Amino acid sequence: MLFRLFKHIAVEGHRRVVMDIPLLFESKVFIPLCSKIVVVATSEETQLRRLMLRNALSEEDARKRMGSQIPLAEKRRRADFVIENDGSLDELDVRVEQFLSSLNPPTASKSQ
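What counts, and where the lines are drawn
Residues numbered from 1 in each chain as written. Predicted model: local features only at pLDDT ≥ 70, side-chain atom pairs only at ≥ 80, totals over all residues. Heavy atoms only, no water. Salt bridge = Lys/Arg side-chain N within 4 Å of Asp/Glu carboxyl O. Helix = DSSP H or I, 4+ residues; strand = E, 2+ residues; numbered from the N terminus. Buried < 20%, exposed > 50% of the residue type's maximum accessible area, 1.4 Å probe, protein only. Contact = heavy atoms within 4.5 Å.

Our focus in this paragraph is the pattern of salt bridges. Counted according to the given criterion, the structure contains seven salt bridges. A salt bridge links Arg77 to Glu74; the shortest N-O distance between them is 2.6 Å. On the criterion of helical spacing, the pair formed by Arg77 and Glu74 is a turn pair, its members being three residues apart in helix H5 (residues 72-78). Judged by relative accessible area, Glu74 falls into the partly exposed class, the value being 22%. The residue Glu84 makes a salt bridge to Arg76 at a minimum N-O spacing of 2.6 Å. Of the residues examined, Glu84 reaches a relative accessible area of 33% and is grouped as partly exposed. A relative accessible area of 30% places Arg76 in the partly exposed class.

Structure, rendered in structure tokens:
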């Protein structure tokens, strides 16, 4: 399945592929396919609050789940790029757009 997907992407001439893999470092399966790794990071406090809200977990259960994952500091260290996500979704959208723009800086047009 993945082979067909990557073949299609190559044939179509796409320059980039974005894969959203929450447990990338823990699974290790897709790391060899990544030329660059972007981590979307938040503070531990915000991560805990969001996890409790999203999954209806107690603080204890949320902390256990977070403890079973590679620490965020280690993920930051392994990443090529880090996008901070302590604000709203709108703020995250702006940061993602800024990041994407930094990958494709505008080319200077030559005037004659």
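Below, the discussion takes up the environment of Ala62. Topologically, Ala62 is positioned in helix H4 (residues 59-67). A C-alpha to C-alpha distance of 8.6 Å links Ala62 and Arg49, two positions 13 residues apart in sequence. Contact partners of Ala62, with chain neighbours within four places excluded, come to Leu48, Leu51, Met52 and Leu57.

By themselves these figures say nothing about function.
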